[in-house]
Amino acid sequence: MRTDVLLSLSSLKLDGISDTPLLDCQIMLGHVLGKPREWLYGHSDATLTDTETTCFQQMLTRRQNGEPIAYITGTRSFWKREFMVTPAVLIPRPETELIIDTVLERLDDASINVLDLGTGSGAIAISLAAERTTWQVTGIDNSGEALSIARLNGEGLLNLDWLEGSWCNGIKAASVDLIVSNPPYVEEGDSHLDQLTFEPVSALTSGPDGLDAIRDIVPAGYHCLKTGGLLIVEHGYRQQPTVMSLFDAAGFKDVEGLVDLQGNPRLVLGKKP
Ligand code: GLN
């Protein structure tokens with residue numbers, strides 16, 4: 001079957017399942033053929049071998065069952081790189097790039113040390129380490145399985161290391177210049193979780209109000225930061241006032257709330273005085 005026919009027939013099968021049926025099919029087909037998605041536009045009359053067809057059909061079935069495209073292809077792009085993802089790690093979200101933007105805008109390339117708490121696939125730690133080779137970045141996660149993915153994603157970067165542990169447990173007081181985190185923050189009963197059943201629940205939810213992790217991270221981060229050090233935390237769209245008050249209560253100064261490209265409150269940052 002020609003690829004253009006295959007794409008239009010297959011995308012019909014994703015109607016009501018995916019918001020982007022054709023795009024999903026193009027990504028999966030590109031993956032099967034080992035070509036970028038754009039290649040398909042110039043090769044609509046190309047035909048598939050039997051093996052390629054079977055492989056594509058298997059991916060399509062997984063997508064029909066609601067599995068995220070990133071787990072099916074095993075990759076997701078974030079900032080300037082492709083990251084390997086498995087069900088052991090949260091799929092990096094575009095809104096999390098606001099952490100990278102904010103950090104790069106505010107901090108130059110003076111040599112500093114940085115922690116990424118709950119690093120998962122390593123997307124934040126690796127993007128920062130690649131942008132600022134003078135920084136020493138440590139990605140921390142309590143999942144050894146997640147860290148093995150992060151390690152593979154970060155191969156080749158020399159200013160990067162990984163630590164298995166809970167938030168900043170074991171990190172010396174007043175020893176860090178910058179702490180970033182995209183912790184779990186979804187409320188335990190949130191209906192939105194129905195669409196996220198393939199992702200690790202420990203990376204998504206955190207107590208009834210979603211704030212358990214942030215309540216631990218804010219004072220622990222304060223303890224580990226040097227004077228003048230910065231903490232930046234991602235949070236849910238309704239949590240900003242509470243997160244800002246947690247920063248105030250821990251002793252942070254210059255506490256700011258930032259809004260993402262969709263206009264949702266998304267980050268809080270503060271400085272240790
Ligand atoms: N932003 C993600 C979502 O709601 C959640 C990520 C997280 O909990 N850190 O889909």
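Residues numbered from 1 in each chain as written. Predicted model: local features only at pLDDT ≥ 70, side-chain atom pairs only at ≥ 80, totals over all residues. Heavy atoms only, no water.

A. View of the overall build of the protein. If you tally the helices and strands in the protein, you get 10 helices and 9 strands. Overall size of the protein, expressed as C-alpha extent along the three principal axes, is 65 × 40 × 30 Å. For the protein, the computed accessible surface area is about 12,900 Å², with 51% contributed by carbon and sulfur atoms. (Helix = DSSP H or I, 4+ residues; strand = E, 2+ residues; numbered from the N terminus. Areas by Shrake-Rupley, 256 points an atom, 1.4 Å probe, with all protein chains shown as cover.)

B. Looking closely at the sheet that holds strand E4 (residues 136–141). With mixed pairing, the 7 strands of this open sheet are ordered in space as E5-E4-E3-E6-E7-E9-E8. The outermost strands of the open sheet, each flanked by one partner alone, are strand E5 (160–164) and strand E8 (253–259). Mean inter-strand twist for the sheet, computed between neighbouring axes without regard to direction, equals 15°. Alignment of strand E6 (residues 176–181) against strand E7 (residues 225–234), held across 5 bridges, turns out to be parallel. Bridged to Ser181 within E7 is Val233. (Pairing = 2+ DSSP bridges. Axes fitted to C-alpha atoms, helices over the stretch in contact; angles between N-to-C directions.)

C. View of the site of the ligand. Close to the ligand lie Leu90, Arg93, Glu95, Asn182, Pro183, Pro184, Tyr185, Val186, His192, Leu196, Ala203 and Leu204, which account for all nearby residues. Within the backbone of Pro183, one N or O atom sits 2.7 Å away from a nitrogen atom of the ligand. Between the ligand and Tyr185, the relevant distance is 2.9 Å, taken from a nitrogen atom to a side-chain nitrogen or oxygen of the residue. Bound to the protein, the ligand loses 92% of the 300 Å² it would expose on its own. Split into classes, the residues belonging to the shell around the ligand amount to 8 nonpolar, 2 polar and 2 charged. (Near = heavy atom within 4 Å. Polar contact = N/O pair within 3.5 Å; in protein donor to acceptor, adjacent residues only side chain to side chain. Nonpolar A, V, L, I, M, F, W, Y, C, P; charged D, E, K, R; others polar.)

D. The packing of aromatic side chains, seen in detail. The final tally for this structure, using the stated rule, is 3 aromatic pairs. Between Phe78 and Phe83, the ring centres sit 6.2 Å apart and the planes meet at 75°, which makes this aromatic pair edge-to-face. This pair shows no difference in class: Phe78 is buried, exactly as Phe83 is. Among the aromatic residues, ring-to-ring pairing joins Tyr222, Phe247 and Phe252 into one connected group. Here the basic side chain of Lys272 rests over the ring of Tyr222, its NZ or CZ set 4.7 Å away from the ring centre. (Phe/Tyr/Trp six-rings, centres within 6.5 Å; stacked < 30°, edge-to-face > 60°. Buried < 20%, exposed > 50% of the residue type's maximum accessible area, 1.4 Å probe, protein only. Lys NZ or Arg CZ within 6 Å of the ring centre and 35° of its normal.)

E. The arrangement of the state of the cysteines in detail. Per the counting criterion, the structure on display carries 0 disulfides. Between Cys25, a cysteine without a disulfide, and Cys55, which holds the nearest cysteine sulfur, the sulfur-to-sulfur distance is 14 Å. Residue classification places Cys25 among the buried residues on the basis of a relative accessible area of 0%. Left without a disulfide partner, Cys224 is nearest to the cysteine sulfur of Cys168, which lies 3.7 Å away. Residue classification places Cys224 among the buried positions, given a relative accessible area of 2%. (Disulfide = S-S within 2.5 Å.)

F. Broad picture of the packing of helix H1 (residues 3–13) against helix H4 (residues 50–64). Axis separation between H1 and H4 bottoms out at 10 Å; the angle between their running directions is 25°. When the axis of H1 is compared with that of H4, the two are roughly parallel. H1 and H4 meet at a crossing whose hand is right-handed. Residues Leu6, Ser10 and Lys13 of H1 form the contact with H4, whose participating residues are Phe56, Gln57, Leu60 and Gln64. By residue class, the composition of the contact of H1 with H4 is 3 nonpolar, 3 polar and 1 charged. (Parallel < 35°, antiparallel > 145°, perpendicular 65-115°, else oblique. Left-handed = near helix turned anticlockwise from the far one by under 90°. Contact = heavy atoms within 4.5 Å.)

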